[in-house]
Amino acid sequence: DLHKQLFMLLEYMEKLQKVILSDESFEIRQDIYKKRHITIDIPSMYGSYHEMKFDCLGLTFRIETLVNVLFEGLVDKIDLSLITKATFHQIYSLLRLFDRALKLDGISSKEFERQLEFLAHSLEVKGFTLTQYLDIFKGFAQAVKNIVNDYFNNIHGQNLTRILGQTALDALLPKFLPRDETIDSEKVQLRISEIFFRDRIALSLGLQQLDLLLSRILSTLFQQSYKLPKDKLQRLLLYDPQNSITPIDSSLARLTGIIYLGNKGLNMVRLKSFGYPIPPGFIITTEVFRCREIIESYPPAEQNFKEKIIDNISALEKVTGKIFGDRHNPLLLSVRSGSSISQPGMMDTLLDVGNNEDITEGIAEESGNAWFAWDNYRRFLQCYGMAFGLKRDDFDAVINESKQRLGIPLKREFTGTQMREVALAYKGLIQNAGIEVVEDPYEQLHLAIKGVLASWESSKAIAYRRIIGISEDWGTAVTVQAMVYGNISPQSGTGVVFTHNPRWSADTLKLWGDFTIGNQGEDVVAGLVKTMPISIFQQEIEMRETDITLETHFPEIYQALEDWAHDLIDERGWSPQEIEFTFEGPTPNDLYLLQTRDMAIRERKQVLTFDFDEDPQELYLGHGVGVSGGAMSGRLVFTLEEIEEWRVMDPGASLILARNDTVPDDIQEIHAADGLLTARGGLTSHAAVIAHRLGKTCVVGCTTLDCEEKEKYCEFNQIKIKSGEHISIDGHEGSVYQGLIKVKETGKGAN
């Protein structure tokens, strides 16, 4: 720490001066010589006579040289490309050191002290403007100019003129002579004076470095004041670039509060400090969100931010051993939102950022797994296109056409070549929509960050905050992490686990949730794939149509998650958690925790059940995962317009929204309807979480359902139910029935 070293050296110089200027004997020499932080060689003293004052004087000269070197280092180190109020705090601390150094060198300036007092008070005043700071630093510059005049020009000027008038040119040292052969006595005198005063100032303690510092400060302040209007100048002053980015590693983290880091970021920092396997990365804080307008509109601010990103990427490369943008050993990134108040699925996420065709080819060659490489690129392109306004249905149509044409029902059964064709078809879809696919990895990253920040203002996010009642002023942080891959092999996967049973409010820790094999995390939370249960107990309760559970097929992963849950809940006292995880292989060493938050889904004690007048099997349509609510009968609807129409035509009817899967854009439809039924997704999907938060009855993952939204009907094993017809769902047990069925209230079951 250069600042700390300077402070300590100046303190010792003060002690040395006391010895030099005093007749008293101070027992400080030995203490000074033994201080390790003074990194200069102090020779042994020889001879029969020593004078402490001479020893201290010699040491002072050596320390003066070191002090000037450290001042130069500090001036070079401080970032003055962009000056905000936070920068002025750093500058003030540095100027106090300069003031102390000048006084040690016998230079005292009341004018400089007055400007220091000005600056100190300005840092305590709200609403202080940049032009006021500019005036203060003009005063500092004038104070230094007056110091030069008072302590150098006025003292030596006349004597120097008199001496030069009596000195022959051939008696001058070579450095004082002009470079050309022309000898002009007046020019020679000017040259000698300039060199003489420059050398004298250079030998003074910190004065030359102070002058350089003030020049750089004034240059930046003038530029900012001329190029920015008054309102933006004030916003720039409030921005603290030092608070813009912080590592997830808590030992390096500058910030730890939820306001800056968001709920997701704060939990990751905490979990990392506990020793949990969190993918390495960094958090772009809400400081950037609040000041994004000035960052994006003022080039020096934008460049400053980009340089900080480069620094953090470099640190990430060292940790991972991978290189961002490299063809042979590429570092791919996830870029995700994270507000202080969770808003699941409402803002953008971009995965596999830092990818292009060349890098994908490199991954395919290095890994020997072309399917994995092109699946990553396909996923990146879909995230990229959706960030620019394309719909998920647009991409689903492309891959579904490939499945039908090739006769392959599941994407994981594609060959690498076939997955490459799908990825390039995604790219063509984006380009045909008039959207440029940026190839440069760093430009991709900057676009991704801007996209996530901008998604705070998306229609779905605004609608969700309005419905839930969340302030518009929170903003979002952005987490940037190294990708981990649940799609790398049949032994990899991803999922979300609840630490407690979401169906009953018992306090017993019992793992519950969804996972999938050969996919990345967004597939589960977005409800894009058919998921499998976490535990055997869950599989029995939910009657899933699968024999695969995480507990039976990946027992070591299951045990590690259970151990994490016990540690967080029982040992650390956390509330019930919802944990997103990815595993690249079947052992705990392959397991990563992506995020955790307080559980959103906890069922009520009283639920509604059906009161059948006839054999329920005659009405049975299928079974899914019950998320929230109990039994409900109502009319089938597909659009917001239908919901509004039925509210007028049949005000007392419950309305059940049907989807193959939901996207966050469906927030308004989910809010307007009374129930939700989907063909895909699990208990931990965005649809499930949102429906529960909104108090809706919800069943997801009904495998017999085929929803034709455009045609406005659903089929359950060839039984067609049209828009407006009655359907019944049980949000507790997951059953789906045809027709209008009576309901009754009953106590919650216990298991």
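These numbers come from a predicted model, not from an experiment.

Calculation criteria
Numbering of residues starts from 1 in every chain and runs along the sequence as written. Only residues with pLDDT of 70 or above have their local features reported here, since the model is predicted, and side-chain atom pairs are shown and tallied only from 80 upward, although totals for entire chains, interfaces and linings are computed over all residues. No hydrogens and no water enter the side-chain calculation; it runs on all heavy atoms of the structure. Here a strand is any run of E in DSSP of at least two residues, a helix any run of H or I of at least four, and the numbering for each starts at the N terminus. Exposure classes here rest on a 1.4 Å probe applied to the protein chains alone. A residue is buried below 20% of its type maximum, exposed above 50%, and partly exposed in between. Throughout, a residue-residue contact means that at least one pair of heavy atoms, one from each residue, lies within 4.5 Å. The protein chains shown are the only cover counted for residues, whose accessible areas, like all others here, come from Shrake-Rupley with a 1.4 Å probe. Two strands make a pair as long as DSSP finds a minimum of two bridges between them. Interaxial angles span 0 to 180 degrees and are taken between N-to-C directions of axes, which are lines fitted to C-alpha atoms, for helices over the stretch in contact. One less than the residue count of a helix, multiplied by 1.5 Å, gives the span that helix is expected to have. Picture the helix axis, draw a direction to every C-beta atom, and the arc is the one those directions span. Definitions for this section: a left-handed crossing has its near helix turned counterclockwise from the far helix by less than a right angle. A right-handed crossing has that turn clockwise. Angles are sorted into four bins: roughly parallel if under 35 degrees, roughly antiparallel if over 145, roughly perpendicular if 65 to 115, and oblique for all others. Side-chain classes follow a simple rule in which Ala, Val, Leu, Ile, Met, Phe, Trp, Tyr, Cys and Pro form the nonpolar group, Asp, Glu, Lys and Arg form the charged group, and the remainder, Gly included, forms the polar group. Note on handedness: a clockwise path from strand one over the helix to strand two, with the strands aimed away from the viewer, defines a right-handed crossover.

A. Structural context of the overall build of the protein chain. Secondary structure assignment for the protein chain yields 26 helices and 23 strands. Residue burial in the protein chain is summarised as follows: out of 751 residues, 52% are buried. Sequence-distant contacts in the protein chain: of pairs separated by 6 or more residues, those separated by 24 or more amount to 69%. Summing over all exposed atoms, the protein chain offers an accessible surface of approximately 34100 Å²; the carbon and sulfur share of this is 49%.

B. Region of interest: the sheet that holds strand 19 (residues 713-716). As summarised here, the arrangement of the 3 strands in space is 18-19-20, forming an open sheet in which the pairing is antiparallel. Each of the sheet's edge strands pairs with one partner strand only, and the pair in question is strand 18 (705-708) and strand 20 (719-722). Averaged over neighbouring strand pairs, the angle between their axes works out to 20° when direction is ignored. With 4 bridges connecting them, strand 19 and strand 20 associate as antiparallel partners. In the strand pairing of strand 20, glutamate 715 is matched with lysine 720.

C. Focus on helix 16 (residues 392-406). In this model helix 16 runs 21 Å from its N-terminal to its C-terminal C-alpha over 15 residues, within 8% of the 21 Å that 1.5 Å per residue would give. If you check which residues of helix 16 are buried, you get Arg392, Phe395, Asp396, Val398, Ile399 and Ser402. Summarising the axial view, the buried residues of helix 16 lie within an arc of 160°, below the 170-degree limit, and thus occupy one face. Turned more than 90 degrees away from the buried face of helix 16 sit Asp393 and Gln404, all of them exposed.

D. Here's a closer look at the sheet that holds strand 7 (residues 509-517). If you trace the 5 strands from one edge of the open sheet to the other, you get 8-7-6-9-10, paired in antiparallel fashion. With partners counted over all chains shown, the strands left at the sheet margins are strand 8 (532-533) and strand 10 (591-598), one partner each. Sheet topology places strand 6 (residues 493-500) next to strand 7; 7 bridges connect them, and they run antiparallel. Pairing of glycine 495 across the sheet is with phenylalanine 515, part of strand 7. Of the strands in this sheet, strand 6, strand 7, strand 9 (577-583) and strand 10 are in contact with helix 23 (residues 555-571), which crosses strand 7 at around 140°.

E. Representation of unusual backbone geometry within the structure. With phi around 50°, asparagine 717 is a residue other than glycine that occupies positive phi space. Among the secondary structure elements, asparagine 717 is positioned in the loop between strand 19 and strand 20. Positioned with a positive phi, glutamine 718 is a non-glycine residue whose angle comes to about 75°.

F. Layout of the packing of helix 16 against helix 17 (residues 416-432). Where helix 16 contacts helix 17, the two axes come as close as 10 Å, and the packing angle between them is 145°. Relative to helix 17, the crossing made by helix 16 is right-handed. Across from Asp394, Phe395, Val398, Ile399, Ser402 and Leu406 in helix 16, the residues of helix 17 making contact are Gln418, Val422, Ala425, Tyr426, Leu429 and Ile430.

G. Looking closely at the packing of helix 14 (residues 357-367) against helix 15 (residues 370-387). Interaxial distance between helix 14 and helix 15 falls to 8 Å at its minimum, and their mutual angle equals 155°. It follows that helix 14 is roughly antiparallel to helix 15 by the angle criterion. Of the two possible hands of crossing, helix 14 and helix 15 adopt the one that is right-handed. Mapping the contact onto sequence places Glu357, Thr360, Glu361, Ile363, Ala364 and Ser367 in helix 14 and Ala370, Phe372, Ala373, Trp374 and Tyr377 in helix 15. Of the residues contributing to the contact of helix 14 with helix 15, the split by class is 7 nonpolar, 2 polar and 2 charged.

H. Spotlight on the pairing of strand 14 (residues 631-637). Judged by how many residues are buried, strand 14 sits mostly within the fold: 7 of 7 residues are covered. Pairing of strand 14 with strand 21 (residues 726-730) involves 5 bridges; the strand directions are antiparallel. The partner of alanine 631 across the bridge, within strand 21, is aspartate 730. As paired elements, strand 14 and strand 15 (residues 655-659) share 3 bridges and run parallel to each other. Among the inter-strand pairings, valine 637 is bridged to a residue of strand 15, identified as leucine 657.

I. Focus on the pairing of strand 15. Within strand 15, 5 of the 5 residues are buried, which leaves it mostly tucked inside the rest of the structure. The alternating pattern of strand 15 places Leu655, Leu657 and Arg659 and Ile656 and Ala658 on opposite faces, both of which are buried. Where the polypeptide runs from strand 14 across helix 24 (residues 640-649) and back to strand 15, its parallel neighbour, the crossover connection is right-handed. Across 4 bridges, strand 15 lies against strand 16 (residues 675-678) in parallel orientation. Note that in strand 16 the partner of arginine 659 across the bridge is threonine 678. Taking the sense of rotation as the criterion, the β-α-β connection linking strand 15, helix 25 (residues 667-672) and strand 16 turns out right-handed.

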